[in-house]
Structure formats: structure tokens, C-alpha cells
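Observations on the three-dimensional arrangement
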Amino acid sequence: MELRSKTPSGPIEKRWDQHRFDLKLVNPANKRKYTIIVVGSGLAGASASASMAELGYNVKCFCFQDSPRRAHSIAAQGGINAAKNYQNDGDSIYRLFYDTVKGGDFRARESNVYRLAHISLNIIDQCVAQGVPFAREYGGMLANRSFGGAQVSRTFYARGQTGQQLLLGAYQALLRQVGAGKVTMFPRTEMLDLIVIEGKARGIVTRNLITGKIESHLADAVVLGTGGYGNVFYLSTNAKGSNCTAIWRAHKRGAAFANPCFTQIHPTCIPVSGDYQSKLTLMSESLRNDGRIWVPKKKGDTRPPHQIPEGERDYYLERKYPSFGNLVPRDVASRNAKAVCDEDRGVGESGLGVYLDFADAIKRLGKQGIRERYGNLFDMYERITGDNPYEVPMRIYPAIHYTMGGLWVDYNLMTTIPGLYAIGEANFSDHGANRLGASALMQGLADGYFILPYTIGDYLATTKLERIDSSHPCIRDAESCVAKTTNRLLEIRGTRTVTSFHREVGKLLWDECGMTRNAAGLKSALERVPQLREKFWKNVNVLGGGEELNQALENAGRVADFLEFGELMCLDALHRNESCGGHFREEYQTPDGEARRNDEAFSYVAAWEYAGPGNQPILNKEPLAFEYVHPSQRSYK
Amino acid sequence: MNLTLHIWRQKSPNHAGHMVRYEHTKVNPHMSFLEMLDVLNEELIMKGEDPIAFDHDCREGICGTCGFMINGVAHGPERATTVCQLHMRHFKDGDVLYLEPWRAKAFPVVKDLVVDRSAFDRIIARGGFISVSTGSAPDGNAVAVPKKNADLAMDAAACIGCGACVAACPNAAAALFTGAKISHLGLLPQGQPERYQRVLNIVAQVKQEMFGSCTNIGECEAVCPKEIRLEVIARMNRDFLFANWTARGETARLDE
């Protein structure tokens, strides 16, 4: 497999403009002759569908939810970055680019990141015009806050519901095109396979989740905006339905999968309370601005927090990182929480939690002051745990919430299958090994509104696409593949539920390929995941039929894919003999416990190629060059 | 904790439904309501019985997917809480709970507690947007938006489209939902050019979808998990009246 990134050369600030000029255009009258399939209706999928329909293309948009407005982009709280420099604090496109490359621990393409920073300006303008109710100053201008350790205020926000408001903006733009007849929406429809004809992506096979009907949809190009794979860990902050099925099945049809081991942990989530737990809830990181994180000094100390005197508490982040204290980056905060829990000093019933204590802040600012800053977060915490954080310290623990890896794409966002595109979290492109706060929303919308609508035209204008008959053998083959898998799942009638398998593989991957990894653990996971997969296919119990709404069946297909994908994730983590960003290998750390990158050996994108069932995937490397931001070691001491 | 649950079971839109009684003996007060149903479903599967279908996704109270009636109240007894964020500690050992899907002509039952809310999407497609194509926007700060308007617009825009307002309304009206969208866009300068045509289009679609008429009862506000206020309905009515009295075909109106 040849990886051609198509990254332009020349001065970085001119690359996108020059590239846009070099892209071939489709005549406006011809655009209406093309049909494009978009799978997923989150920020990336909805914005891409709307923008392409506005240009004149016919779009078919698919989502498994009952409405495109429910995609998981909706749950993003904090905000969206843009290098507007409205605050006059020295921000610039170059600074956002620099921060993002550095934050990604030097594992992203410079050209892509620069383009992202450049486009960030247009995104805010577009969203404001759509009626996104961003926070405003009294004079009516847009408000900003600083976020995720950035030293400038470049984050735009709509209360704690920025993702919701941006998604509703994109959703409304999408539905305007539905009303205009340019987009056909297929809700409650799940993509189960990709149709590849003569090497080009030409359609998808779907299952109607209400009737169970398996159908093929043909098009001139296919776009996947299906999000990340965080639910491979079972417990994550992702929505229950989020899954890797679309990108995984595209991978099995020939799309390379890049950097699957780059997963991100969020340090301030509500800890697991029992084995019935179905998902984890994230609380904004801003809590760390005023809360102090601590655990008891003594192992196995079960006293309630107020009975532990000051001298017997270990404020471990303040102790180890005196200059950043409780505000160290996400990965450092997360790993340290795990370390103290591994030492048997964790708190709460499960021992998997640390205190986030606001007692000092309440003394300083008063309860009212704290309520003004964090009122809604405190309410949310109390609603879920039943504890009042004004009286007792919060308990927090890290959880998976974003995945940087995804389908490999070139500068045009096209995967290694011609005519197949991946946008938003589903691709690997812009965040390297670690994503900065408030950058996910930016990337999803950049891809959908401002990149894909240009680049897809180049493909359509320069590619000869034959008319396809719906009886083409490749279509029949993909359909029968899907029907066979569905029937197989329904025929097993074993003794374990789908969820029990999901929970087991999730726990296994969290232990061996979660916050920290080591070679021995990964090797053991590489043996145990296939064993579990075999058990699943022998012993899972999916009731009901295929021709009805069958939520267990939907879930079974997704878990079957997680059981395959998890193995690739471990393989990637095992091969990457370095620590970088969200990938922390215990063997590769500095004497004081910080991540140690190995730029000489691993400054590349690992793009894995599917080699058939039972065969070792093939590793392809795309080397990364850093002409503008020179690799350096992070330090937060 | 032990609970007695009476749950609406309906195999498909074409089958008749009925209440089925379940004794649930594995309820932990820290569970969310949906986790309580997950545990029941795992048991049903192991017994070879069809699990209860219910809609859910984010389980953080923001996506608007979940929702059903608990003892006749949409999203259950806690104020400003979706059913996914409702925890079992608010119930007592021995409680008897009746779970039913949203009931409204415009929301046909799909299966068990799952209903079809696509009518909401059709309402938005008819006019719940600002017509601005990608690329044609001026700078974000080119138009000042008074902070108060931005805040009120955000209050209305917080609607998650769950449909509880319709389910709670004795008329099965969608006024809180449509009022919220009309308020959100109508309060912002960007929404002015289409303000009056928007309200006419949306109300026309609401009628087509067979939602009932609003008679200002207020049940919708009482159950809304995002605390959308009745004033959004007042704004909608005002704009609707104005649009009707002054409608002149295609003539554009720039302001009141």
C-alpha cells in the first residue's frame, strides 16, 4: 500500500490557498448529476451534508439515531477554539497552529494543523450567522475564555453546551437542505458495509433499524463522519450508541487505519459506582481551577474525608508539580490519579477515585462565589452521586472520552480507498497523539464546512465513474455478507448477553491498553482478545429476529467489531516503543515519570492495512517532518 | 431495593400493546433509571424473554433521545431531569411504577417505550433555521448582539427535542418545542429577515403533523428537562399574529 499524503509544499501559510486553486472544479450544472453518501450526522457529517447540498450535489445522509440532532457531538461542553484574537492578547493563526502541533506531541501533520487553525476563523463566522447563541459581552461582542492550559483566550462558548448549539446550527442547515429536497435523510439506519467496485467506494449496505431491511445505496463518493471508537473500552464518556462499525468495516474493505493506540483520557469524570454502570460522565476540567486534588497518605485509609487531618493528606499534584499544581495537562493528571489508586490510596467504595476538594475555595470565595462559577457542575455531580460537593469533597477518576486515531486520510481527507472520505473524529488527521481542549468541535466543522466540499469536487472532476447497475456482483456480495453476519448472530443463542462481552473486553482493554501500557500487558491482551472473540461467536445470546427493532442485535454487531478492533489497538500500542501524548508506555519514561518520545524511530503515522481474517495486519508508515515547530520535551515541573 | 414495574409492551406499530408486570429485585439506589432497566433487560434475556426496547444514547441529559412516562409524568418525578439522569435513590423500596411511552397522535409507538418523533425534524426542515449557506457569513463580530438577547436566545435554544412537552400536554400540542425554536432564532439579529415567514411555515407544519392546539395549560413547562419557559409560546403567538395580520404574500418585513 502506498500512502500518498498529497501534502502541498511551499510556505505553510500559503499551502491551503494554493492547493484550493490547484483542485479541479465541477461545473455547477454538473454537480446535480452527482450523488454523495454521508454516514453520520454529527458536526462533521451534518456540516458536510449541508454544505455539499448547498453546492448542488445530491446528498444521502445516514444516522443510527432517531434524528440527526442526536449525534454525540451534542455532548461537548467546553467550547470551540478560533484564532480570532478578539481579546487582543497576542493570539494568531500561527500560535493556534503551534499550540496544536505541540499539544499533539509532534505526531500530526504540520500542513493539516495549519489549515485547521486558518479555517477556525471562518467557522465562528458561519456559526454566528446560523444563529448559534455564543456567549456575549455587554457591548454585544463575542466573549472568550481560556481553556485547556492555553495562555490566550481563544475559546468561544455557549454556556456549558457548546457542542449542542454548534450541532443544532449544523442540523438546521442540514434540515434546510432536506426541506429543499437536496438531502435525503435516513435516520435509524446503520451502515454495515462499504461497497467497493473496481477499487472505488461506490456505496454502502445498511440495515433499517425499525424494519430490519438490508438495503444498498449507491453513490459517486462515500463520506464517513461516524465518530471515534472510545466505546471499545465499554465505559467511556461517549454515547451508548457510538461505535466503530462503519470505519472498521471500511478498514476491512481496504481503508488503512492510522494510530489506533492514540486515545485520550479525561481526568475529571465521576467515578464508577457499581458493576451495573453503563457509562461515565465527564465534568468540565475548569473545576481544577479551584479544586485541590488529594488522597490519604496512608494506604487503605477508609475514614471519611473530613476525619482525615490536613497533615495526613497528600496533595500529590501540588507536591510533584509545584509550578502547575492541579492544572497539569489531562494526561499527567490522569496518570497520577491512577498511580495513587494503584498504591491502594484511592477513595470511595471501589478505591478508584481521588478527592477534588473545594473547601479552601469555599473559604476564599464563599459558597455563593463557587455557585456562580460552578453551580451547574455541582448540581450535576449531586444529581448523579447523591453527595453535596459544597459539604464533602467530590470524587473524580479519569475516563476515556476521545480517540485521536482513525481512518488514515490524505490532505484531501480521502482514505486509501479512492472515493471514500473520513471526516471529524473518524479520521486521524489533526490532533497527533493528544488533542487539546476545544479542538474537536473545531476539527469536525472545519472538515465538514470548509475542506471536504472543495476536495471532493477534485475527485469527482478527475475520476471516470461508470454507471453501476444495482445487480452488480460486488453489491450482492456485500449485501449477503451483511445478511450472513446478522443471521449468524441470531442463530448462536448461547448463554451470555452481548453487554457481558462488551463489559469484559472493555475492562481488559482499559487494564492493558488504557491510561498506561506495557509490553507484557499488551502481549497478554493480544492473546486474550481473540480468545474472547471466539467465545463471543460461540456463546452470545441475541434474542428476537432480524426483521424488527432489535436493539440487542444492533449492539451485538457493534461489539463484534470492537472485539476485532481492540486487537489492532493493542498491536499498535505494542509496536510503538515510545510514550507520546495519550499513549504512555511504562517502559519509556524519564526518571521523574514523564513521557519519553523517540523521534528518531517513531516520528511517523502508523497506518495499518487489513490483511484478511487471522492474518497479521500490515504496517505502513507515513513519515512526519517538522519544518516549523521543532520537537521538544514537555515539562510541567 | 425491590420495585414492581408495570411496563407497556408493544411488539410493533401494528400490534396491540398491553402493560406487563415485572418484579425487580436488584435495584441499587445509585443506579440511574435506565441502568435499572438495563439490569432488568439482562435478566429477561437470560430467561429467553424479549428485552424492553427504550430509546437512549448520551445518558447525560443532552441528546434528547430518552424519555417515557413514569407514573404519568414525563421523565419522572424529578424537576429538570431527563430519565437518563434520574437516579433510583429518589424512589423507595416497594414502589410500584407504571412506565408508558410518550402518548401523542404525532408520535406513533414504534416498539415498547420507543416512539417516532420524526415530526419534530419535519417542523425544523420547514422553517427552523436561518438561511445562510456555507461561506457567505460576515465576521462574527460584524453584528453586535445585545447580551440579554443572546442569553434569552440561549435559554430557548437549550431545548433538546425530547418530546416530553408533547407527551405531558393534554392536547398533545408541540407549542413549547416550536416556541423555543421560534424564540431562539427570532431573538437574534441574524434571524430577523425570515422571522415572520418562519413562524407561518412552522405553524403550518405543526398542523399537518396533527399536533394539538395550545390552551396555555403549562404541563409542558412543568416537565421540560431544560426548563424552557412558557414565555416562548407567548413570543411565538405574538409573531404568528403579527405575521398573519400583516402578511402580504412574498413581501419582506424588516422589523416590527
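Predicted model, so just to flag it, every value in this text is computed and none were measured. (Residues numbered from 1 in each chain as written. Chains lettered and ligands numbered in written order. Predicted model: local features only at pLDDT ≥ 70, side-chain atom pairs only at ≥ 80, totals over all residues.)

**Examining the overall build of chain A**
This is how it is decided: Put simply, DSSP H or I for four residues or longer makes a helix, DSSP E for two residues or longer makes a strand, and each gets a number counted from the N terminus. By definition, residue pairs are in contact when their C-beta atoms, positioned from the backbone, come within 7 Å.
Check the secondary structure of chain A and you find 16 helices and 19 strands. Considering only C-alpha atoms, chain A reaches an extent of 75 × 60 × 50 Å along its principal axes. Here the analysis covers contacts within chain A between residues at least 6 apart in sequence; of these, 74% occur between residues at least 24 apart.

**Structural notes on the domain arrangement of chain A**
The parts lose accessible area when they come together, and the size of an interface is often stated as this lost area. Residues and elements named next belong to chain A. Our working rule: Note that the domain bounds reflect an automated or database-derived domain assignment. Any residue outside Ala, Val, Leu, Ile, Met, Phe, Trp, Tyr, Cys, Pro, Asp, Glu, Lys and Arg is labelled polar, Gly included; the first ten of those are nonpolar and the last four are charged.
As assigned here, chain A comprises domain 1 (269-400) and domain 2 (473-602). A C-alpha centroid distance of 30 Å is found between domain 1 and domain 2. Grouping the amino acids of the side of domain 1 that touches domain 2 by side-chain chemistry returns one nonpolar, one polar and three charged.

**Details of the environment of A:Asn30**
For clarity, the cut-off: Any residue whose C-beta has 12 or fewer other C-beta atoms within 10 Å is treated as exposed, any with 20 or more as buried, and any in between as partly exposed, C-beta atoms being built from the backbone.
Tracing the backbone shows A:Asn30 in helix H2 (residues 28-31). Taking the number of C-beta atoms within 10 Å as the measure of exposure, A:Asn30 has 14 and is therefore partly exposed.

**Regarding the pairing of strand E19 (residues 618-623) of chain A**
Regular strands have side chains that alternate between both faces of the sheet. Residues and elements named next belong to chain A. Worth spelling out the cut-off: At least two DSSP bridges between two strands are required for those strands to pair.
Burial runs low along E19: only zero of the six residues are buried. As paired elements, strand E18 (residues 604-609) and E19 share six bridges and run antiparallel to each other. Across the sheet, Trp-608 pairs through a bridge with Leu-619, a residue of E19.

**Quick look at unusual backbone geometry**
For A:Asn259, which is not glycine, the phi torsion reads 45° and is therefore positive. Within the secondary structure, A:Asn259 sits in the loop between strand E10 (257-258) and strand E11 (263-269).

**Some points on the nonpolar core**
The nonpolar side chains of soluble globular proteins are, as a tendency, buried together. Our working definition: Think of a nonpolar core as buried Ala, Val, Leu, Ile, Met, Phe, Trp, Tyr and Cys residues, each tied to the set through C-beta atoms within 7 Å.
Grouped together as the largest cluster of nonpolar side chains are 277 residues, with contacts concentrated most on A:Ile36, A:Val223, A:Leu224, A:Leu407, A:Tyr421 and B:Val166. In terms of residue count, helix H15 (residues 551-575) of chain A provides more of this core than any other element does, 14 residues in total. If sequence neighbours within four positions are ignored, A:Leu224 has contacts with A:Val39, A:Gly40, A:Ala246, A:Ile247, A:Ala250, A:Leu407, A:Tyr421, A:Ala422 and A:Ala426.

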